Amino acid sequence: MTTHRIIIGLEVHVQLLTKTKLFCGCSTQFGLPPNSATCPICCGLPGTLPVMNREAFHLALKAATALNCKIASFTKWDRKNYYYPDLPKNYQISQYDLPFSSEGWLEIELPSGPKKVGIIRAHLEEDAGKMLHDEHAGKSDSLVDLNRTGTPLLEIVSKPAIDTPEEAKAYLEELRLLLREIGVSDCEMQEGSLRCDANINIHVPQADGTFIATPIIEIKNLNSFRGVERALKYEAERQANELRRSLDAGAWVVDSSRAKAFRDYAVIQVLTQRGSEVAKATAGWDERTGRTEIQRRKEEASDYRYFPEPDLVPVKVDAAILDKVRTELGELPAAQKARLQSQYGIPAYDAGILSRQGRAFVAYFEAVVKTCGDAKEACNWTINDLLSTLNERQLDINVCPLSPQGLGELIVEIKSTGLNKQRAREVYTAMLDGLTAKQAIDKLGFKVVGDEAQLLELVRRAIAANPKAVADFKKGKLKAADAIKGFVMRETKGMANTEVVQRLVMEELNRG
Amino acid sequence: MNLTAAELLERQSTGDLSAEAITQSFLARIQQVEPKLRSFLAVDEAGALEQARAIDAKRRRGDAMGILAGVPIAIKDVICVQGQRATAGSKMLEAFVPPYDAHVITRLKEADAILIGKSNCDEFAMGSSTENSAYQTTRNPWDLERTPGGSSGGSAAAVAASEAPLALGTDTGGSIRQPAGLCGIVGLKPSYGRVSRFGLIAYGSSLDQCGPFAHDVRDSALLLEVIAGHDSRDSTSVDRPVPQYAKVVESPVQALVIGVPREFFNQPGAQATGGLDAEVERSVRDALKVYESLGATIKEISLPHSPYSVAVYYLVATAEASSNLARYDGVHFGHRAKEFAGLIDMMKKSRGEGFGAEVKRRIMLGTYALSSGYIDAYYLKALKVRRLIRQDFDRAFAECDVIVGPTSPTAAFKIGEKTGDPLAMYLSDIYTISANLAGICGISIPCGLTKTGLPIGLQILGAPFTEEKLLRIARMYERETDWHKRRPAV
Ligand SMILES: [Zn+2]
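Keep in mind it's a predicted model, so treat the numbers as computed, not measured.

Things to note about the side chain of B:Ser371
And then number 1: By the secondary structure assignment, B:Ser371 is in the loop between helix H12 (357-370) and helix H13 (376-399).
And then number 2: Discounting chain neighbours no more than four positions away, the residues touching B:Ser371 are A:Asp303 and A:Arg305.

Put into structure tokens, the structure is as follows:
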């Protein structure tokens, strides 16, 4: 029996990197004392009016363009009305039926290859404040911090086109990379500058080829990418179990006549005993227990009474603005990856790793290639050694202790002397303390033995001392030559020129 | 002191009067008539005198004087003045002291005007008689049994009774023009976007405009000149140059064509919507004759969608109001109920106690109009008709300079006469409302008195941003008549 299909859509809110809020001049800095970054406008005092922050709109345009969205030439603001104490006006200024961008996609890298995840829309809105519940000392006061109120948010809604929890994580990672690279958001989940809600349900195959769809669950309170992946995994299983149980118990029923087309197959939504579709629900993710907790079934959709915001004028976007945005965007990760592959002849996988580290890292790699002329080696050293050094020491590429020229020289040195990998790594480590490749080699006392006569002498001794290896080699076990090479290396304390040794061993073995 | 602002400016420049003496005199007048009229919610005696003395000192030093130097002005209580209570006529905002000046107040202060007090109005500017104020009922200076109109009734009554030579009001559906008409003074609603709304406590944001009350057209021009112009804090305020209205107001418009909408008048066998009073109609027709005698061409036009304007207005304005007034829930500001059980109850009780009946009625109406399942039939349909109303005016202004008609169907009505019948009250704005929906400008000037001695208003409507022409045309009539010189005996 085939397993169920998972249908995931993500709603991501990112905070834009503006100095000031979306509709007033207050600071957006994180971590200020409660209510210190507020003014009459973001507190919604009577008589105040919002004025759009052009920088926020510009950043939003950059993001939407990078996400391959269609940009509307005319967009307007709407009010989303609901009562909540963290929303001083009791309405949020958002975008409803004419968002500034729609119909885009983001390409993500999967083990099976690249995939374009569709984006339904990206729109701008203002953030709400934060409720602080103080329940100590017998009190149960609720306090409100309005510092975040009015902070510009970009809401990016994906199509329900994400097929696995792993894909969801990859999507988020790619999105974060992109938005950081173009300077739109710092995407720090811990600080709330990236927030994610995930919609998930499963389609369970039936014998007749149709699928039964579980009700959609919106998971909130996801605070890490790993959390998103874990929550989705858990929730998919939970839904599968719930469906089985509910069908067995007769609580949910299936009416085959109500099948609807989805992608290339037919889907039937489960019904209650009364014949209405089982309502969507919201769930919270508990990182500690590793479980999703269903919070409420949305019996009826909330009525936000959207209507056009009369205090703001519509925004027009012309071709000149879009040209400027495109110029500013520069090379985006997906295009960069393709260029690295074709320009340097490195594998897609490696190009992907390079690209994911950001523009500064790619620039470093390219500078190494420029010095050493060997893209393959430059790539190996940067994505293996350099990257682990940066990770271990928690360093940014911009403050890397080893310059790309230094690493390039090391590669040149290795190639010219035939220094083996193990020794080369020791040189590399010494270079991290500020030495040049030559200085490091001198300091370590590495003197590569490249003298052919001396090495030939050692090779002959090795052959004499390893008759079994020689016999094996003659029988066709080419690997047996390693024992001969190992002998030479031991004798030279690893300082023999590996290329020369390799050649001499082969010549000698094939001769006799 | 029955002088106009222009006269007060003149007397000060000749040294006949000081700002302090002027202010003293108006304060004395307020003290004398306020017990009968109740135009003001707050009179800032000390502050006004202090401003006056500072202005006199400035004049003595020979400094450049602002264009309203030493002229007292009453401010409708929906307009924020820093450090002074702004109640909007509501119990909800009984304790609200704005920490900022409205843009129009900044402009008045720069012009050296003297802010003499906050005038009464219908709660959150919702009403046509000022009876919806949570604090007091303002009386019409021409007949104390009658209302001054609304919602800016306090401002209109204050000017009519010479408690102040000038006042500011706001007009969302006629709230300047209608009380000006009923009080026998001049009231002007500027085009939408002409005056910044920053600091106006919002009612219907796409309709609200702040404008002047004065005894005559020249004073109105002067005050408009001070408050008009772009403000970066209001994105709907339009960045267009402000003409020197007061300078050009005396030059008549040549080859004037006046449009008279047939829908605003009684036709044989069919009364005008809203029931136009015969005396009012006669005065308006007489005014048209005055224009004719000045060489104007009178042209009958049609505003076919105007009968729908009241219905459209009570969907659009209330929808916006339901959202604008959502913030008054006792959480961040506004009245908070003393006893409650939990958050929701606190919000409910605070709103229940803080808002009056008419405000609640409009919030409910607007909430309903925006609700899912009804929004298409009500709010969105209203927006479509609003566009048609605008197009009516576009077409009309292609063939005439201005549109002239009555400001209100009747002269001032009695206090309590319409409070039990909201629809009848709404219909008193039948001729003024469409200007707000279309965003055009309009003025009401005195054009007669009824047999019982109540003022009648003539409304002149102009295309967007043609205030200059509107004022010049209004002044043409005013020069030929003396209705604007009549003062009630309070
Ligand atoms: Zn602010």
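More follows now that the structure is in view.
So, the packing of aromatic side chains
Residues and elements named next belong to chain A.
And then number 1: Going through the model one piece at a time under the given rule, you end up with 22 aromatic pairs over all chains.
And then number 2: Between Tyr-96 and Tyr-306, the ring centres sit 4.0 Å apart and the planes meet at 10°, which makes this aromatic pair stacked. Residue Tyr-96 is found in the loop between strand E5 (91-94) and strand E6 (101-110), and its partner Tyr-306 is found in the loop between strand E19 (291-297) and strand E20 (307-308); the two are separated by 210 residues along the sequence.
And then number 3: Taken together, the ring pairs connect Tyr-82, Tyr-96, Tyr-304 and Tyr-306 into an aromatic cluster.
And then number 4: When the ring centre of Tyr-265 is taken as reference, the NZ or CZ atom of Arg-5 above it lies at 4.5 Å.
And then number 5: Taking the ring centre of Tyr-91 as reference, the NZ or CZ of Arg-79 above it sits at 4.0 Å.

Some points on the sheet that holds strand E4 (residues 78-81) of chain A
Residues and elements named next belong to chain A.
And then number 1: One open sheet accounts for 3 strands, arranged E5-E4-E20; its pairing is antiparallel. Two strands in the sheet have a free side with no partner beyond their single neighbour: E5 and E20.
And then number 2: As judged from the 2 bridges shared by E4 and E20, these two strands associate in the antiparallel manner. Paired with Arg-79 across the strands is Phe-307, a residue of E20.

Focus: helix H3 (residues 45-61) of chain B
Residue and element names in this part refer to chain B.
And then number 1: Along its 17 residues, H3 runs 24 Å from first to last C-alpha, staying within 8% of the 24 Å computed at 1.5 Å per residue.
And then number 2: Among the residues of H3, Gly-47, Ala-48, Leu-49, Ala-52, Ile-55 and Asp-56 are the ones counted as buried.
And then number 3: Looking at the buried positions of H3, the neighbouring elements they touch are helix H2 (19-37) and strand E3 (114-119).
And then number 4: Looking one or two residues beyond H3, the residue adopting positive phi is Gly-62, at roughly 85°.

A few points about the interface of chain A and chain B
And then number 1: Contacts between chain A and chain B engage 29 residues on the former and 38 residues on the latter.
And then number 2: In this structure, the connection of chain A to chain B is made through 1 salt bridge.
And then number 3: Its salt-bridge partner being B:Arg197, residue A:Asp311 comes within 3.1 Å of it at the nearest N-O pair.
And then number 4: Across the chain A-chain B interface, the total number found is 16 residue pairs in polar contact (both at pLDDT 80 or more).
And then number 5: For the side of chain A that touches chain B, the elements supplying multiple residues, two or more each, are E4 and E20 of chain A.
And then number 6: Taken together, the residues of the side of chain A that touches chain B break down into 19 nonpolar, 5 polar and 5 charged.

Considering the coordination of the zinc ion
Ideal values for angles at a metal depend on the geometry: 109.5 degrees with four tetrahedral donors, 90 or 180 degrees with six octahedral donors.
Residues and elements named next belong to chain A.
And then number 1: Listed as protein donors to the zinc ion are Cys-24 (SG), Cys-26 (SG), Cys-39 (SG) and Cys-42 (SG); their distances from the metal cover 2.3 to 2.4 Å.
And then number 2: Around the zinc ion, the 4 donor atoms are arranged such that angles at the metal cover 101 to 114°; this shape is classified as tetrahedral.
And then number 3: Between consecutive donor residues of the zinc ion, the sequence gaps follow C-x1-C-x12-C-x2-C. Residue Cys-24 is located in the loop between strand E1 (5-15) and helix H1 (54-66), and its partner Cys-39 is located in the loop between E1 and H1; the two are separated by 15 residues in the primary sequence. Residues Cys-24 and Cys-39 agree in their burial class; the two are buried.

Digging into the domain arrangement of chain A
All names here are of chain A.
And then number 1: Along its sequence, chain A is carved into domain 1 (5-316), domain 2 (331-444) and domain 3 (452-511).
And then number 2: With 7 residues of domain 2 at the contact, the number on the domain 3 side is 8 residues.
And then number 3: Across the domain 2/domain 3 interface, buried area totals approximately 460 Å², and carbon plus sulfur atoms make up 41% of it.
And then number 4: The interface formed by domain 2 and domain 3 holds 0 salt bridges in total.
And then number 5: The interface formed by domain 2 and domain 3 includes 0 residue pairs in polar contact (both at pLDDT 80 or more).
And then number 6: With 3 residues, helix H9 (residues 404-417) is the single largest residue contributor to the side of domain 2 that touches domain 3.
And then number 7: In terms of residue class, the side of domain 2 that touches domain 3 is made up of 1 nonpolar, 4 polar and 2 charged.

A few points about the sheet that holds strand E10 (residues 441-449) of chain B
Residues and elements named next belong to chain B.
And then number 1: Pairing is mixed in the open sheet, where 11 strands are placed in the order E1-E3-E2-E4-E6-E5-E10-E11-E9-E7-E8. Two strands in the sheet have a free side with no partner beyond their single neighbour: strand E1 (40-43) and strand E8 (297-301). Pairwise comparison of adjacent strand axes, ignoring direction, gives a mean angle of 30° for this sheet.
And then number 2: Of the strand pairs in this sheet, strand E5 (residues 186-189) and E10 are connected by 3 bridges, and their pairing is antiparallel. Within E10, the position partnered with Gly-187 by the bridge is Ser-444.
And then number 3: Of the strands in this sheet, E1, strand E2 (72-76) and E3 are in contact with H2, which crosses E3 at around 15°.

Notes on unusual backbone geometry
Residues and elements named next belong to chain B.
And then number 1: Each neighbour pair has its own omega, and for Gly-150 with Ser-151 the value is 5°, a cis peptide bond.
And then number 2: Counting through the fold element by element, Ser-151 comes out in the loop between E3 and helix H5 (153-160).
And then number 3: One non-glycine residue with positive phi stands out, namely Thr-130, at about 65°.
And then number 4: Position of Thr-130 among the secondary structure elements: in the loop between E3 and H5.
And then number 5: One non-glycine residue, Phe-465, lies in positive phi territory at about 60°.
And then number 6: Considering the arrangement of structural elements, one finds Phe-465 in the loop between strand E11 (455-462) and helix H16 (467-480).

Conventions used here
Residues numbered from 1 in each chain as written. Chains lettered and ligands numbered in written order. Predicted model: local features only at pLDDT ≥ 70, side-chain atom pairs only at ≥ 80, totals over all residues. Heavy atoms only, no water. Helix = DSSP H or I, 4+ residues; strand = E, 2+ residues; numbered from the N terminus. Contact = heavy atoms within 4.5 Å. Phe/Tyr/Trp six-rings, centres within 6.5 Å; stacked < 30°, edge-to-face > 60°. Lys NZ or Arg CZ within 6 Å of the ring centre and 35° of its normal. Pairing = 2+ DSSP bridges. Expected span 1.5 Å × (residues − 1). Buried < 20%, exposed > 50% of the residue type's maximum accessible area, 1.4 Å probe, protein only. Salt bridge = Lys/Arg side-chain N within 4 Å of Asp/Glu carboxyl O. Polar contact = N/O pair within 3.5 Å; in protein donor to acceptor, adjacent residues only side chain to side chain. Nonpolar A, V, L, I, M, F, W, Y, C, P; charged D, E, K, R; others polar. Donors = N, O, S within 2.8 Å, 3.2 Å for Na, K, Ca; no water. Tetrahedral: all angles 85-135°; square planar, octahedral: opposite > 155°, others 65-115°. Domains from an automatic or database assignment. Buried area = accessible area lost by both parts, 1.4 Å probe. Axes fitted to C-alpha atoms, helices over the stretch in contact; angles between N-to-C directions.

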